[in-house]
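As a plain string of letters, each chain reads:
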Amino acid sequence: LLENVFPVQFPFGRGGPKEKRPTPISQEACLQHYMRLSMPQFMRGDFILVVLTMMNRIRSFQTGLITARASGLSERQTFAESISMLTEEQIRTAAENIDNNVADNSPAADFLRRSDTSCRSIGYMPAAASANRRLMYGLCDRFGIPHIFFTICPDDERSWRVRLWANAGCNMTMPSLDCDESICIYDCKMRRETRIRYPGACATEYQSVIQTLIKRLFCWDSKKQRGKKGIFGTMIAFTVAHEEQMRKTLHGHWLIWIKELMHYREKLFKANAEEARRAFIRYIDSIMNSSYLEGRELTVEDTSCKVCAQQNMSTAETMPTNDISQTDMDLDERDDNDTTTAAARHPETERDSIPNDHVTSHNNVVPVMASYM
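All figures in this text were calculated on a predicted structure; none of them were measured in a lab.

**Q** Got a sec to walk through the overall build of the protein? Specific residues and values, please.
**A** Within the protein, the regular secondary structure consists of 15 helices and seven strands. Intrachain contacts of the protein at a sequence separation of at least 6 include 60% that bridge at least 24 residues. A total of about 25,400 Å² of accessible surface is found on the protein, and carbon and sulfur atoms cover 55% of it.

This is the structure in structure tokens:
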């Protein structure tokens, strides 16, 4: 019983998946409920591994498919006739002989050698990979080549929320920006130990990030299976593959189809292809843009860290302003010569229009020249 193996999770020996309850629930639903609990003992890796194995075993019995070669086990009988005469005892004996490498030429052993069981509901099975691959190819056949390849990888080691998930009900205090370096190193070690000890907290945080991404940034309605205007445009379809890195960090690779990009792509193969290309580039610039000198992106407003403020002052005193203007001129000439740049050029975002107080360095401003080093 699960409650006998994990006394930390079940200190009173009650609450296991096979326990009789006034409202009967299946073992699969009970195991899923364990994974939704906020108590840290249910987020430990050893418990999650056992629950996952039990869940996969249940799903394999429910949805497993047994395939075998259609030829009969003997020359005088068909395949169906051969299987129909096998008994449970014969199959069990043949399975034990095969596991123990004992020679067995019985019809039951021959049947087990020819059979192959697959279950597409288990994520790491080849059947699951094949089924998901067919779904992705079906989307490509329906909507064409994906418009956007998007990867998201939350850094759970630097996430404060992971420690909150793993310490539910406890008072957590964030370290001060002016704290000693030893305290920062200790906090980093605590974050690393937390994510290793409680991988369930990292999975909960990753699920929260993905839900926010789909609902708020992509503006995709999961119930209606319909998209609105999001950060990339109006999403019409997407597929995602969730993976795990070597350091046990979850990340996802997304293939996204956008309505507006599909409209522009169709125009690229018509008569006025050059105008369609310029419109396509303008749309890409409107949703994807990288700027290092626009607005106050390179300024630091918080000067609570005295060490950083002193470093900024020393850097500002040793950096001539002529080098900054010369660098800006070089970048302008480089952008004018590059016809394939993806950055949109607008009058209000030109480098010449940047206020002087963003170029000169103060106590709370990082010098612009630092971005080129």
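**Q** Now, about the layout of surface pockets: what can you tell me, with residues and values included?
**A** Taken as a whole, the largest pocket spans an internal volume of roughly 1,400 Å³. Contributing to the lining of the largest pocket are 35 residues, with Met35, Ile48, Leu52, Ala203 and Leu250 lying nearest its centre. Of all the elements in the fold, those that place two or more residues in the lining of the largest pocket are α2 (27–36), α3 (45–63), α9 (181–197) and α10 (199–217). For the lining of the largest pocket, the element with the highest residue contribution is α10, accounting for nine residues.

**Q** Explain the pairing of strand β3 (residues 148–152) residue by residue, including any values.
**A** Of the two faces of β3, only the one carrying Ile148, Phe150 and Ile152 is buried; Phe149 and Thr151 on the other face are not. As judged from the five bridges shared by β3 and strand β7 (residues 250–258), these two strands associate in the antiparallel manner. Counted as the bridge partner of Phe150 is Trp254 from β7.

**Q** Run through unusual backbone geometry, naming residues and quoting values.
**A** Not every positive phi belongs to a glycine, and Asn101 is a case in point at roughly 60°. You can see Asn101 is positioned in the loop between α5 (88–99) and α6 (107–114). A positive phi angle, close to 55°, is found at Gln225, a residue other than glycine. You can call Gln225 exposed: its relative accessible area is 53%.

Reading the values: rules and limits
- Residues numbered from 1 in each chain as written.
- Predicted model: local features only at pLDDT ≥ 70, side-chain atom pairs only at ≥ 80, totals over all residues.
- Heavy atoms only, no water.
- Helix = DSSP H or I, 4+ residues; strand = E, 2+ residues; numbered from the N terminus.
- Contact = heavy atoms within 4.5 Å.
- Areas by Shrake-Rupley, 256 points an atom, 1.4 Å probe, with all protein chains shown as cover.
- 1 Å grid on protein atoms, 1.4 Å probe; cavity = no way out; pocket = protein on both sides within 12 Å on 5 of 7 lines; lining within 4 Å.
- Points joined across faces, edges and corners; volume = space filled by probe spheres on them.
- Buried < 20%, exposed > 50% of the residue type's maximum accessible area, 1.4 Å probe, protein only.
- Pairing = 2+ DSSP bridges.

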